[in-house]
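Read off the chains here:
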Amino acid sequence: METDRVIDQLVGAASPVRPLRTPLARTLIWLLIVAPFVAMIVLVMSPRADLIEKMADPKFVIELLAALVTGVAAAVAAFATTIPGRDRRIALLPLLPLGVWLGSLGYGCLQTWVQYGAGGLRLQPDWVCFPAIALAGAGPAIAMAVMLRRGAPLAPRLSTLLGGLAAAGLGSFGLRLFHVQDASLMVLVWQVGSVFALAALAGFAGRRLLQWRRPFAHA
Amino acid sequence: MTKIQTDEAALAALMRAAQGGDAVAYARFLKMLAPVVRRNVRSLRRFLSSDDVEDIVQDVLISVHTVRSTYDPGRPLIPWVLAIMRNRIVDAARRYVRRSAHEIQVDELPVTFADEDANIETDVYGDPEALKQAIRELPAGQREALEMLKLRQLSLKEAAAASGTSVGALKVSVHRAISALRKSLTKE
């Protein structure tokens, strides 16, 4: 197919387009869409009885906010990676809140260890975390996938990895509101572990989810 | 890259108009962009044939088209185009590697004549039994001539001596035999 003919076809297929909003604005739109979903999951699973009490606990609040901000930062980064010409280093943005999240949980583990010794750091299986985060993160994940597909698939795996981290971060935020699990080690392993696993899964699906579209059959 | 930078303002203005639905501006944008992309692809991938370069140029134009909504009119256009171009070149290289992994490079193709028809690899008369049957059905004179000249590969002189006929008669018999075989085999 000659290049001039391709140009003619592209011009023929062109309709007016509205430029995508900035990654930050798109993140706010995403939050507006998915917040009711996460809230509904929390209500359906019934919020933990001591929630009001826990809101006065700085450790709980820091962890909760760190999970939320990690999700939001990952969403901004995910949207930015689908814009050609943007600095790819924006992908590192979620590392800061993630560091705070892991740091506060690590500090919690340390406190337990100092207080109760190694016996206090018991790891029991908690199989609720993974499916619960996946459930609460499902809505955010679907909305994220739809929104990412409107961008350019320049680094599909990185974009979906960050998108997965955003959705799972939000799912984890929701989980903390209904699942009574406060032992730092348990949260670190089962909740943060689930978030990482879900983000990795999303990353693996990147090339399938985000592909260059073809406006017409190209010989 | 210097030339591409001088085109920034013009290209950006055309793209903004194109996003608004101006088909004339869009055609001008793509026509202006194509040689810029071609030049860059050539300088980045000197070993590519002009067909492969053209494939990438078309790929870049199509990609620019499909993601034209990701261009923010408030930002420079050239980095946006270059990011798409680099991505498509890498994808093309990936495709190229994948394709060459399934290809066997040969120095000389097993070709006997320049004419395509002379190099048909498949046997048109695929059924040896049908050929044998068709030979059996030939008139005796034609069959003998064919057997001597084509199957036993005697020379015309030897065959003429063995059968007691003239060289001319043998030639005619073989020609008719082959015509008859072709007719009976293609009919089936």
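Quick notes on the rules
Residues numbered from 1 in each chain as written. Chains lettered and ligands numbered in written order. Predicted model: local features only at pLDDT ≥ 70, side-chain atom pairs only at ≥ 80, totals over all residues. Heavy atoms only, no water. Helix = DSSP H or I, 4+ residues; strand = E, 2+ residues; numbered from the N terminus. Buried < 20%, exposed > 50% of the residue type's maximum accessible area, 1.4 Å probe, protein only. Contact = heavy atoms within 4.5 Å. Axes fitted to C-alpha atoms, helices over the stretch in contact; angles between N-to-C directions. Parallel < 35°, antiparallel > 145°, perpendicular 65-115°, else oblique. Left-handed = near helix turned anticlockwise from the far one by under 90°. 1 Å grid on protein atoms, 1.4 Å probe; cavity = no way out; pocket = protein on both sides within 12 Å on 5 of 7 lines; lining within 4 Å. Points joined across faces, edges and corners; volume = space filled by probe spheres on them. Nonpolar A, V, L, I, M, F, W, Y, C, P; charged D, E, K, R; others polar. Salt bridge = Lys/Arg side-chain N within 4 Å of Asp/Glu carboxyl O. Core = buried A, V, L, I, M, F, W, Y, C linked by side-chain atoms within 4.5 Å. Buried area = accessible area lost by both parts, 1.4 Å probe. Polar contact = N/O pair within 3.5 Å; in protein donor to acceptor, adjacent residues only side chain to side chain.

Participant: Where do I start with the overall build of chain B in this structure?
Facilitator: Assigned secondary structure in chain B consists of nine helices and zero strands. Counting from the amino terminus, helix and strand elements in chain B follow one another as α-α-α-α-α-α-α-α-α. With 188 residues in all, chain B has 37% of them scored as buried. A fraction of 59% describes how many contacts in chain B between residues 6 or more apart in sequence connect residues 24 or more apart.

Participant: I keep staring at the packing of helix H4 (residues 58-80) of chain A against helix H5 (residues 95-116) of chain A and nothing clicks. Help me out?
Facilitator: The description of two helices packed together rests on the angle between their axes and the distance between the axes. Residues and elements named next belong to chain A. Two numbers describe how H4 lies on H5: the axes approach to 8 Å, and their chain directions differ by 155 degrees. Taken together, the axes of H4 and H5 lie roughly antiparallel to each other. Crossing handedness for the pair H4 and H5: left-handed. Of the residues in H5, those touching H4 at Lys-59, Ile-62, Glu-63, Ala-66, Ala-67, Val-69, Thr-70 and Ala-73 are Pro-97, Leu-98, Val-100, Trp-101, Ser-104, Leu-105 and Gly-108.

Participant: Help me understand empty space enclosed by the protein, please; the structure alone is not making it clear to me.
Facilitator: If you roll a probe as big as a water molecule over the atoms, it shows you where there is empty space left. Considering all chains together, one arrives at two cavities of 30 Å³ or more under this definition. When its volume is computed, the largest cavity comes out at roughly 50 Å³. Residues of the lining of the largest cavity, tallied by class, amount to three nonpolar, two polar and three charged. Taken as a whole, the second largest cavity spans an internal volume of roughly 30 Å³. Surrounding the second largest cavity, Val-11, Ala-14 and Ser-15 of chain A together with Ala-18, Gly-21, Asp-22, Ala-23 and Tyr-26 of chain B form its lining. Split by residue class, the lining of the second largest cavity holds five nonpolar, two polar and one charged.

Participant: Looking at this structure, I do not really get the environment of Arg-42 of chain B. What am I missing?
Facilitator: All names here are of chain B. Along the chain, Arg-42 falls in helix H3 (residues 23-44). Assessed through its relative accessible area of 44%, Arg-42 is described here as partly exposed. Separated by 11 residues in sequence, Arg-42 and Val-53 have C-alpha atoms that sit 6.7 Å apart.

Participant: I'm lost on the pattern of salt bridges in this one. Help?
Facilitator: Where charged atoms from two side chains of opposite charge come close, those side chains can pair. Residue and element names in this part refer to chain A. By the definition in use, this model includes nine salt bridges over all chains. A salt bridge links Lys-54 to Asp-57, with the shortest nitrogen-to-oxygen separation between them at 3.5 Å. Overall, the relative accessible area of 16% leaves Lys-54 in the buried class. Since its relative accessible area comes to 26%, Asp-57 is described here as partly exposed. Asp-87 serves as the salt-bridge partner of Arg-89, at 2.7 Å between the closest nitrogen and oxygen. What emerges from the salt-bridge pattern is a single network uniting Lys-59, Glu-63 and Arg-176.

Participant: Can you help me understand the nonpolar core in this one?
Facilitator: Nonpolar side chains tend toward joint burial in soluble globular proteins. Counting residues in hydrophobic clusters, the biggest one holds 44 residues, and the most contacted among them are Trp-30, Phe-79, Trp-101 and Met-144 of chain A. Those elements giving two or more residues to this core turn out to be helix H2 (23-44), H4, H5, helix H6 (129-148), helix H7 (156-178) and helix H8 (184-204) of chain A. Counting 40 residues, the second-largest nonpolar core is a separate cluster that includes Leu-33, Val-57, Tyr-71 and Val-81 of chain B.

Participant: Just checking my understanding: could you explain the interface of chain A and chain B for this structure?
Facilitator: When the parts of a complex come together, some accessible area is lost, and that lost area is often used as the size of the interface. Of the residues lining the interface, 33 residues belong to chain A; the matching set on chain B comes to 35 residues. Taking both partners together, chain A and chain B bury about 2800 Å²; carbon and sulfur atoms supply 63% of that area. When the buried surface of chain A facing chain B is broken down by residue, Thr-3, Val-17 and Trp-212 of chain A rank first, second and third, together holding 22% of it. Taken together, chain A and chain B are joined by zero salt bridges. Applying the counting rule to chain A against chain B returns eight residue pairs in polar contact (both at pLDDT 80 or more).

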